[in-house]
Amino acid sequence: MKRLGPPLTQLVLLVATVYFLLPLGWVLINATKGSDDLFSTIGFAFGERFALFDNLAQLGTYQHGLFWRWMGNTVLYAATGATVATLLAAMAGYTMAKYSFRGSRTLSVLILGAVLVPSTALALPLYFLMVDLGLDNHPLAVILPSCVSPIGVYLARIYAGSSVPNEVMDAARVDGVGEYSIFFSISARLMAPALVTIFLFQFVAIWNNFFLPLVMLNERALYPVTLGLVDWNSTPPSSGNVIYHLVVTGALVSVVPLVAAFLLLQRHWRAGLAAGSITA
C-alpha cells in the first residue's frame, strides 16, 4: 500500500482536527449569547450582546444552584469510579502479566471479550442487580458499575509486562519484601504512565456517561451534569421558561474539567498511550 505523503497527511490531520473542534467551537460561541440571540443569529457568529457572564451568573442561581449540585455529583461519580477502576485494573493486569496461574489465558480472552460488550447492553441487567441490592436511585448504583474497566486491565497487563523487570522483583524478594509491598512501592511507580492513562480514560467515560444514570436514577438531585442538562433541555417551550442558553453555557462549563485534566496530565498519558508499542 502506498503511503500518504507528508503534505497530504498533514491535510488529513488538519481536517480531522477541525471536525473534532467544531462542536466545541459552537458551544463556546453560543455560550456568549443570550436567549434572544441564540436562535436569531448564525450558529458560528457572535450575538449582538456578549452575555457569557450573565449566563454564568444565572446558571449558578437557577433552581437554587441545581447545576452545581449536578457538577458535584459528576465529580464524585467520575473521581471515585476512575480511582477504584484504576487500582483494580492495575492489580489485575499486574497479576496476569507477572504471575503464572491456571486459567490465565482463558481469563485474558474473557477480558478482551468484555471490551467488545457495549455498556448499554449491560445497563438493564445492572439495574435489576442494583434493585436486588436495594441500591437503585442511589449514588452507588452509578459508582459501582464504573469501578470495572476491562480495557484498563488489558492496558495494565501490557504495560506491566514491558515496564516491570522480573529482576527488580526478584531482588526485592531476596531483600525480604512482600508481594503487596513490591506492587505498591515498586511496580505501581513503574506503571505510573499507564495508570494515568487508564484513570483518564475511565474518568472521561464516567463523566460523559448518560445512559447508566438515566436507568439508575430518578431523583433530580442525584443526576450527573449530562443527565441534568438533558432534563433542562427537555423543558417544553410552551411552559414559557425556555433556558436553552443555560443548557449551552452548562455544556461549556462541564467540558472545562475534562480539558484541564488532559492538559495537566498530558505528559503522563501520552507516555502511557505508547505502552506495548515496542516489545523486546
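In this convention, every chain numbers its residues from 1, walking through the sequence in written order. With the structure being a predicted model, the display of local features is reserved for residues of pLDDT at least 70 and the display and counting of side-chain atom pairs for 80 or more, all residues being used for whole-chain, interface and lining totals. Side-chain metrics in this entry use all non-hydrogen atoms of the structure; hydrogen atoms and water are not considered.

**Brief notes about the side chain of Asn-73**
Turning to step 1, where the next piece is worked out: Looking at the element boundaries, Asn-73 is found in helix H4 (residues 66-98).
Turning to step 2, where the next piece is worked out: Buried means the residue's accessible area, taken with a 1.4 Å probe over protein chains only, is under 20% of the maximum for its type, while exposed means over 50%, and partly exposed covers the values in between. By relative accessible area, Asn-73 is classed as buried at 9%.
Turning to step 3, where the next piece is worked out: Apart from residues no more than four positions distant in its own chain, Asn-73 is found in contact with Ala-221, Leu-222, Tyr-223 and Pro-224. Every helix listed is a DSSP run of H or I at least four residues long, and every strand listed is a run of E at least two residues long, numbered separately from the N terminus. Two residues qualify as a contact provided that any one of their heavy atoms is within 4.5 Å of a heavy atom in the partner residue.

**Comments concerning the packing of H4 against helix H10 (residues 179-190)**
Turning to step 1, where the next piece is worked out: To get an axis, fit a line to the C-alpha atoms, keeping to the stretch in contact for a helix; angles then go from 0 to 180 degrees between the N-to-C directions. Contact pair H4 / H10: the axes reach a minimum separation of 12 Å and the direction vectors enclose 100°. Classified by the angle between their axes, H4 and H10 sit roughly perpendicular to one another. Across the interface between the two elements, Leu-87, Ala-90, Met-91 and Tyr-94 from H4 touch Ile-182, Phe-183, Phe-184 and Ser-187 from H10.
Turning to step 2, where the next piece is worked out: For the contact of H4 with H10, a count of residues per class yields seven nonpolar, one polar and no charged. Small angles under 35 degrees read as roughly parallel and large ones over 145 as roughly antiparallel, with 65 to 115 read as roughly perpendicular and the rest as oblique. For this classification, Asp, Glu, Lys and Arg are treated as charged, while Ala, Val, Leu, Ile, Met, Phe, Trp, Tyr, Cys and Pro are nonpolar and the rest, including Gly, are polar.

**Notes on the environment of Ser-40**
Turning to step 1, where the next piece is worked out: Note that Ser-40 resides in the loop between helix H2 (35-38) and helix H3 (52-61).
Turning to step 2, where the next piece is worked out: Residue Ser-40 is classed as exposed on the basis of its relative accessible area of 53%.
Turning to step 3, where the next piece is worked out: Within the structure, Ser-40 has its side chain in polar contact with the backbone oxygen of Asp-36 (distance 2.8 Å). Whenever two N or O atoms come within 3.5 Å, that pair is a polar contact, provided that in protein one can donate a hydrogen and the other can accept it, and provided that, for residues adjacent in sequence, both atoms are side-chain atoms.

**Description of the side chain of Thr-249**
Turning to step 1, where the next piece is worked out: Within the element layout of this structure, Thr-249 appears in helix H14 (residues 244-273).
Turning to step 2, where the next piece is worked out: A relative accessible area of 0% means that Thr-249 is categorised as buried.
Turning to step 3, where the next piece is worked out: Excluding anything up to four places from it in sequence, Thr-249 contacts Ala-31, Asn-55, Leu-56 and Leu-59.

**Topic: a nonpolar patch on the surface**
Turning to step 1, where the next piece is worked out: A contiguous nonpolar patch, built from Leu-8, Leu-11, Val-12, Leu-14, Val-15, Val-18, Leu-22, Trp-26 and Phe-44 and spanning about 820 Å² of accessible area, is present on the exposed surface.
Turning to step 2, where the next piece is worked out: Summarising the element assignment, Val-15 is placed in helix H1 (residues 6-30). Surface patches are defined over residues having more than 30% relative accessible area and no salt bridge, joining like charges when they lie within 9 Å and nonpolar side chains (Val, Leu, Ile, Met, Phe, Trp, Tyr) when within 5 Å. Every accessible area reported is derived by Shrake-Rupley at a probe size of 1.4 Å, with residue values counting cover from the shown protein chains alone. Here a salt bridge means any side-chain nitrogen of Lys or Arg lying within 4 Å of a carboxyl oxygen belonging to Asp or Glu.

**Some remarks on unusual backbone geometry**
Turning to step 1, where the next piece is worked out: With a phi close to 50°, Gln-63 is a non-glycine residue in the positive phi region.
Turning to step 2, where the next piece is worked out: For Gln-63, the location among the structural elements is in the loop between H3 and H4.
Turning to step 3, where the next piece is worked out: Given a relative accessible area of 32%, Gln-63 falls into the partly exposed group.
Turning to step 4, where the next piece is worked out: Of note, His-64 is a non-glycine position whose phi angle comes to about 60°, a positive value.
Turning to step 5, where the next piece is worked out: Its location among the elements puts His-64 in the loop between H3 and H4.

**Details of the layout of surface pockets**
Turning to step 1, where the next piece is worked out: In this model, the largest pocket occupies a volume close to 610 Å³.
Turning to step 2, where the next piece is worked out: Considering the residues around the largest pocket, the lining is formed by 21 residues, among which Ser-119, Pro-145, Val-148, Pro-150 and Gln-202 are closest to the centre.
Turning to step 3, where the next piece is worked out: If you list the elements that add at least two residues to the lining of the largest pocket, you get helix H5 (104-116), helix H6 (119-133), helix H8 (150-163), helix H11 (192-207) and helix H12 (211-216).
Turning to step 4, where the next piece is worked out: Considering every element that reaches the lining of the largest pocket, the biggest residue donor is H6, with five residues.
Turning to step 5, where the next piece is worked out: Looking at the lining of the largest pocket, its residues break down into 15 nonpolar, six polar and no charged.
Turning to step 6, where the next piece is worked out: The space that makes up the second largest pocket amounts to roughly 300 Å³.
Turning to step 7, where the next piece is worked out: Site definitions follow a grid-based scheme: protein atoms alone, a 1 Å grid, a 1.4 Å probe that fits but cannot get out for cavities, and for pockets an open set with protein on both sides within 12 Å along at least five of seven lines, plus lining residues having an atom within 4 Å of a point. Surrounding the second largest pocket, 14 residues form its lining, Leu-24, Asn-208, Ala-251, Val-255 and Leu-258 being those nearest its centre.
Turning to step 8, where the next piece is worked out: Breaking the lining of the second largest pocket down by element, the ones donating at least two residues are H1, H11, helix H13 (225-233) and H14.
Turning to step 9, where the next piece is worked out: Its residues assigned to classes, the lining of the second largest pocket comprises eleven nonpolar, three polar and no charged. Grid points are joined across faces, edges and corners, and a volume is the space filled by probe spheres set on the points.

**Observations concerning the confidence of the model for the protein chain**
Turning to step 1, where the next piece is worked out: With 91% of its residues at a pLDDT of 70 or more, the protein chain shows a mean pLDDT of 87.
Turning to step 2, where the next piece is worked out: A residue's pLDDT is the predictor's confidence in that residue, given on a scale from 0 to 100. Considering only residues more than four positions removed or in separate chains, one finds that residues 272-280, a stretch of pLDDT under 50, has nine contacts.

**Some points on the packing of aromatic side chains**
Turning to step 1, where the next piece is worked out: Classification of ring pairs uses Phe, Tyr and Trp, with its six-membered ring standing for Trp, and accepts pairs whose centres are within 6.5 Å; under 30 degrees between planes counts as stacked, over 60 as edge-to-face, and the remaining range as tilted. Evaluation of the coordinates by the stated rule reveals 13 aromatic pairs.
Turning to step 2, where the next piece is worked out: Taken together, a centroid distance of 5.1 Å and an interplanar angle of 85° make the contact between Tyr-62 and Trp-232 edge-to-face. In this pair, Tyr-62 is assigned in the loop between H3 and H4 and Trp-232 in helix H13, connecting sequence segments 170 residues apart. Like Tyr-62, the residue Trp-232 is buried in the burial classification.

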